[in-house]
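Breakdown of the fold
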Amino acid sequence: MQCWKSLALLWAWLSSVQTSGVWLNGSGYEDLLIGIHPAVPENYSIIENIKTMVAEASSYMFNATQKGLYFRSVKILLPLTWQQHSTYSRPRTESVNEVDVIVAEPFLKYGDDPYTLQYRGCGEKGKYIHFTPNFMINDKLISVFGPRGRVFVHEWAHLRWGIFDEYSSETPFYVSSSFQVEATRCAAGITGSSIFHKCEDKFCSFRTCSSDPHMEIHNKGCKFLPDKNQNATGSIMYMQALSSVVAFCNASTHNSESPNLQNRMCRLQSAWDVMMRSSDFSNISPSNGMDSPPAPTFSLLQIKHRVVCLVLDVSDSMNQFDRISRQRQAAELFLLQIIETGSYVGIVSFSQEATAVAKIRQILSEAEREELAQQLPAKARGGTNICKGIRVGFKEIGLKIKSTPGSEIVLLTDGEDPKLHECLTEVKDSGAIVHTIALGPKADSQLETFSRTTGGLMFSAKDNFTSTELIDAFSGLSSGNGNISQQAVQMESISFTLYDVDCRKGAVSFDSTVGKNTFFVVTWQHHIPLIKVYDPYGKEYPQTNFSINVTIRTARLQIPGIAKAGDWIYSLCNTESPIEIIGLTVTTHPANDSNPPITVKVHMNEDTNTFPAPMVVYADVSQGYSPVLGANVTAIIEPQTGEPVILSLKDNGAGADIARHDGIYSKYFTSFSGNGRYSLKVRVQGKETVARLGFRSQANHALYVPGYVENGNIQMNPARPSVSDDIETNLEKFSRTASGGSFTVSEVPTGPLLDIFSPCAIFDLAARLENGKIELSWTAPGDDLDQGRASRYQIRMSGNPGHFMANFNTTTSIDVSSLTPKVAGSLETIIFAPEELALQNEGVTYFAVRATDEAGSWSEISNIAQVALIIPKTPIPTSPSVPTEPPASVPPSTPITCRPPVSYHSTSAPPPIELPQPITVHIPTVVITVSLVVVIICLAISITLCFKQDEA
């Protein structure tokens, strides 16, 4: 019962990342949003190929979903950098940050693989699909990925239905339960040949793959080449490039032994079974006998200059807790440092009435910024009428640009308005985006409805002078046009309490990707502190260099030119007050347009939560579209009452983190202190020689097909582009902070909380041979999900992975009573001799593990690790160093070149090469070496299981 209780809690928070406004109209998807990044050079062929791709995908998906789903309408979002055209419409709430599909160059040139950023669980929506411009216009890539429409359906299944790839780059071959070496694929009926393809000095040779004496199933570099002509119809999640593949694997065709992500993440369920859980399929309308779907319609939208109206509360309650001054501090920072040049900005204040205090104007210089800052409201009086403020904001926008679609309202209030619902329809119909900032504990509980309805951001700030939440909120209001070179980067945001004559020193680490328009801003509660800032070379910026505003208690230093890379030291001393609360915010901009800065994007798994469902914090640390690895990432979650919760986020592929080294740092959050709003901020520190740039090797992407076998001939595709030399290179030391907005929690009981969270499931159980013994290893779970320490483990083994699903307790138990669990995130290992487990000489044995906590709550079953025992029988042949003509009859185990030597450049596609008939085209031929010792081949099969079970 305990396992099912935990499973129910986890399913309670399975919700999608709302990328854009895609919705189902009957069986047709409406408002699919495809964006083109502003750095992509203008090329109308991209637009035309997008249209062709979606039309092909619509028909392909319609048939693959049994005449069910198709694409009805599509929006293509063009960047501001492209030439304007009268047929391009202004976006409403659409932005590059919220697209379903992005067409953009990868920052690091490691290929044109289409992929989906998917870092949540089985059945959960992903974040976006990434196609490169080259993929969209280079028809030569069709031979290696398949037609673009088919590739799009493969990626759409990742994005929309939360299913995973059915191949594995890490484990391309495995030993099946029938003791055969198989290619990792679904369905198992797909035929082909295992070929070793080697090129040296422009000469290439081919031979069948064979096992070697170093415990490899097949030689390193062995590739599975499918037959071009197949009878198998599945699966789209394996190799959509094959013309015969027109279906997803279902229960009858699914290969549950294949060590792929689909089996690991979805507990052996087929892609079709997972898809059927999606609400998309429960709401399908009958096709009314349609043999094909209607053609999708397309609309072209083009990003325009940003239009923002600040709608600020000046009701009487804003006099409490110094809210009106704090509002001015934060809004001034937004106007002087955050809002992008070229944007249009105005200010409206409201109490029981509303007034336009600053007409909307375009920011072209520092003069406009200063003028707007001086017009920020400074006095508060009267009641609260939020709708009047919004309506005046819409009026001012309309006067400037004739319409409201695509504009933004930044709404800040500390009060309640019983008539708030009266303008909700107006807001929705306006086409504007409304960002909301709830200040204090009494801000209207329905305020966030505006943001959820329009796709706006949500922030909250409490009445605590030691909190930087309000400044962080305004710092997080950057543009959604995708042009990161124009956007501010927050380097530091911190506050602290200093007693009389106390000083605080610290460092802010600048890397060379940032430094333009850098500001150090100091705030205080009573008296200005003594301020000094030093650049990395020791140059001092004393207090006399700061621009000081004693009215709103801010001191601002702008660094001329580009701030130097390295540690900038600050010193802040309280010299006058018995106690002083001091804040420091540092913002900057990218140093140049060609090199994107390191950025941090933060969010929770959802913005509303009902206790006792756990939540997850996510921080995407990246440079361009490449992940930053090895960073120290800390989340600070502040409730309305109580102390902040500090979480160390991990990118280790354990606990809440699904994929290791993808630049997505994650952690469960369960420390709920009460109902109401919580704010989220993340601090990131990269240490020199530790933080490094990587690439998402585990990203879900379409398979790059190395070649085909057709009528006995091998046809190799061009070699996959090699990974850039910049991959996995060290980064400079850097600092970043970022706001993740706010979220709300309800139904938290009063008093101490019960221990209701079991240890999290283990996803990385692995088995390997170590000094002649079997070593099992995994990452330790916690007492509560991925925090704390579990009480004990249970490890079991079976000759059939299905036995774990049927009843975990009937499988063979292994005594691990001597193993004391370590703290969550630690590496666990345990070693056995094969004879201790009574393993047979030939066969496959499967292992699984689970953990329990002090309350007796068991985790889900781990993935399954496989151990295969093989007795080598046949010597492994040696490949000749020079390609030669094979004999007329060639045994399958003999190295071949499949014709006289053929010379071609290794990065170009070779001509077709005849495959001699003796080579089987059915995977696989297993070649086993002669030896007196048993070679134990260990590989981890990623299969996650969870089912009802009782403690053994």
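Above this text is the structure in question.
The sections below set out a description of the structure shown in this document. Since the structure is predicted, the reported quantities are computational estimates derived from the model, not experimental observations.

Some remarks on the overall build of the protein
- The number of helices and strands found in the protein is 16 helices and 54 strands.
- Relative to its full complement of 952 residues, the protein shows a buried share of 59%.
- Total accessible area on the protein is roughly 36,700 Å²; 50% of this is exposed by carbon and sulfur atoms.

Description of the state of the cysteines
- On inspection of all chains with the given rule, the structure shows five disulfides.
- Linked covalently through their sulfurs, Cys 122 and Cys 266 form a disulfide whose S-S length is 2.1 Å. In this structure, the disulfide formed by Cys 122 and Cys 266 twists by about 105° around the S-S bond and is classed as right-handed. Of this pair, Cys 122 sits in the loop between β7 (115-117) and β8 (128-131) while Cys 266 sits in the loop between α7 (261-265) and α8 (271-275), and the two are 144 residues apart along the sequence.
- Accessibility expressed as a relative area gives 10% for Cys 122, which makes it buried.
- Residue Cys 266 is classed as buried on the basis of its relative accessible area of 0%.

Side note on the packing of helix α10 (residues 323-338) against helix α11 (residues 366-374)
- At a minimum axis distance of 9 Å, the contact between α10 and α11 shows a crossing angle of 175°. Overall, the two elements α10 and α11 adopt an arrangement that is roughly antiparallel. On the side of α10, the interface is formed by Glu 332, Leu 335, Leu 336 and Gln 337, while α11 contributes Arg 369, Glu 370, Leu 372 and Ala 373.
- The class makeup of the residues in the contact of α10 with α11 is four nonpolar, one polar and three charged.

Description of the sheet that holds strand β20 (residues 458-461)
- The sheet built from six strands is open, its strands ordered β17-β16-β15-β18-β19-β20 with mixed pairing. Looking at the sheet topology across the chains shown, the edges are occupied by β17 (354-362) and β20. Put simply, the sheet's adjacent strands are angled 15° from each other on average, direction ignored.
- Packed on one face of the sheet, α10 meets β15 (307-313), β16 (344-350), β18 (408-413) and β19 (433-439) and runs near 170° to β15.

Considering helix α2 (residues 44-64)
- Helix length check: α2 (21 residues) gives 30 Å between terminal C-alpha atoms against 30 Å at 1.5 Å per residue, within 8%.
- Looking at α2, one finds that the buried residues are Ile 46, Ile 47, Asn 49, Ile 50, Met 53, Val 54, Ala 57, Ser 58, Tyr 60, Met 61, Phe 62 and Ala 64.
- Put simply, Asn 43 is the residue that caps the front of α2, since its side-chain oxygen is 2.9 Å from the backbone nitrogen of Ser 45.
- Gln 66 lies just past α2 and shows a positive phi near 60°.

Observations regarding the packing of aromatic side chains
- The full count for this structure, using the stated rule, is 26 aromatic pairs.
- Ring geometry for Trp 161 and Phe 281: centres 5.3 Å apart, planes at 55°, overall tilted. Here the residue Trp 161 occupies a position in helix α5 (residues 148-161), and Phe 281 occupies one in helix α9 (residues 279-282), the gap between them amounting to 120 residues. The same class applies to Trp 161 and to Phe 281, which are both buried.
- Between Trp 272 and Phe 281 the ring centres are 5.9 Å apart and the planes differ by 65°, which places this aromatic pair in the edge-to-face class.
- Note on Phe 281: relative accessible area 12%, which makes it buried.
- Chaining the aromatic ring pairs together yields one cluster made of Tyr 29, Phe 71, Phe 131, Phe 135, Phe 145, Phe 152, Trp 156 and Tyr 704.
- Of note, Arg 185 hangs over the ring of Phe 224, and the distance from its end group to the ring centre comes to 5.6 Å.
- Above the face of the Phe 465 ring, Arg 326 is positioned so that its terminal group lies 5.9 Å from the ring centre.

Some remarks on the environment of Glu 688
- If you trace the backbone, Glu 688 turns up in the loop between β37 (676-686) and β38 (692-693).
- Separated by 42 residues in the primary sequence, Glu 688 and Asn 730 have C-alpha atoms spaced 7.1 Å apart.
- When sequence neighbours within four positions are dropped, the list of residues in contact with Glu 688 reads Leu 731 and Lys 733.

A word on the pattern of salt bridges
- Within the structure shown, the criterion is met by 29 salt bridges.
- Among the salt bridges present, the one from Glu 371 reaches Arg 361, with a minimum N-O distance of 3.1 Å. With Glu 371 in helix α11 and Arg 361 in strand β17, this residue pair connects regions lying 10 residues apart in the sequence.
- On the accessibility criterion, Glu 371 (41% relative accessible area) is partly exposed.
- For Arg 361, a relative accessible area of 18% gives the class buried.
- One network of salt bridges, with partners in common, ties together Arg 323, Arg 326, Asp 414 and Asp 463.

Some words on the sheet that holds strand β6 (residues 101-103)
- Strand order in the open sheet formed by seven strands is β14-β5-β3-β6-β8-β7-β39, and the pairing between neighbours is mixed. The outermost strands of the open sheet, each flanked by one partner alone, are β14 (297-302) and β39 (700-701).
- The strands that α5 touches are β3 (32-36), β6, β7, β8 and β39; relative to β8, the one it contacts most, it runs at about 150°.

Examining the pairing of strand β34 (residues 632-639)
- β34 sits mainly inside the fold: six of its eight residues count as buried.
- For β34 and β37, the ladder comprises eight bridges, and the chain directions are antiparallel. Bridged to Thr 634 within β37 is Arg 683.
- Bridging between β34 and strand β35 (residues 645-649) involves five bridges; their strand directions are antiparallel. From the neighbouring strand, Ile 636 faces β35, where its bridge partner is Ile 646.
- Turn length for the β34-β35 hairpin, with the two strands adjacent in sequence and antiparallel, is five residues, and the turn residue Gly 642 shows positive phi of about 100°.

Some thoughts on the pairing of strand β33 (residues 626-629)
- Relative to β33, strand β32 (residues 615-623) runs antiparallel, the two sharing two bridges. If you follow Ser 622 over to β33, its bridge partner there is Pro 627.
- Here β32 hands over to β33 after two residues, with Gly 624 in that stretch at a positive phi of 65°.
- Summarising the sheet, β33 and β38 pair through two bridges and their orientation is antiparallel.

Notes on α10
- Taking 1.5 Å as the rise per residue, α10 with 16 residues should run 22 Å; its terminal C-alpha atoms sit 21 Å apart, in good agreement.
- Counting buried positions over the 16 residues of α10 gives 16, a clear majority of the element.

A closer look at the packing of α2 against α5
- Closest axis-to-axis distance for the α2/α5 pair is 8 Å, and the angle between their directions is 70°. The orientation of α2 relative to α5 falls into the category roughly perpendicular. Of the residues in α5, those touching α2 at Asn 49, Met 53, Val 54, Glu 56, Ala 57, Tyr 60 and Met 61 are Arg 148, Gly 149, Arg 150, Phe 152, Val 153, Trp 156 and Trp 161.
- Of the residues belonging to the contact of α2 with α5, the class tally is nine nonpolar, two polar and three charged.

Let's talk about the nonpolar core
- The biggest cluster of nonpolar side chains holds 75 residues, and the ones touching the most others in it are Ile 36, Phe 152, Trp 156, Trp 161 and Phe 248.
- Considering every element that reaches this core, the biggest residue donor is α2, with nine residues.
- In contact with Ile 36, other than residues within four places in its own chain, are Ile 46, Ile 47, Ile 50, Ile 76, Leu 77, Leu 78, Pro 79, Trp 82, Ile 102 and Val 103.
- By size, the runner-up hydrophobic cluster in this structure holds 54 residues, among which are Val 99, Ile 102, Leu 117 and Ala 635.

Rules behind the numbers
Residues numbered from 1 in each chain as written. Predicted model: local features only at pLDDT ≥ 70, side-chain atom pairs only at ≥ 80, totals over all residues. Heavy atoms only, no water. Helix = DSSP H or I, 4+ residues; strand = E, 2+ residues; numbered from the N terminus. Buried < 20%, exposed > 50% of the residue type's maximum accessible area, 1.4 Å probe, protein only. Areas by Shrake-Rupley, 256 points an atom, 1.4 Å probe, with all protein chains shown as cover. Disulfide = S-S within 2.5 Å. Axes fitted to C-alpha atoms, helices over the stretch in contact; angles between N-to-C directions. Parallel < 35°, antiparallel > 145°, perpendicular 65-115°, else oblique. Contact = heavy atoms within 4.5 Å. Nonpolar A, V, L, I, M, F, W, Y, C, P; charged D, E, K, R; others polar. Pairing = 2+ DSSP bridges. Expected span 1.5 Å × (residues − 1). Polar contact = N/O pair within 3.5 Å; in protein donor to acceptor, adjacent residues only side chain to side chain. Phe/Tyr/Trp six-rings, centres within 6.5 Å; stacked < 30°, edge-to-face > 60°. Lys NZ or Arg CZ within 6 Å of the ring centre and 35° of its normal. Salt bridge = Lys/Arg side-chain N within 4 Å of Asp/Glu carboxyl O. Core = buried A, V, L, I, M, F, W, Y, C linked by side-chain atoms within 4.5 Å.

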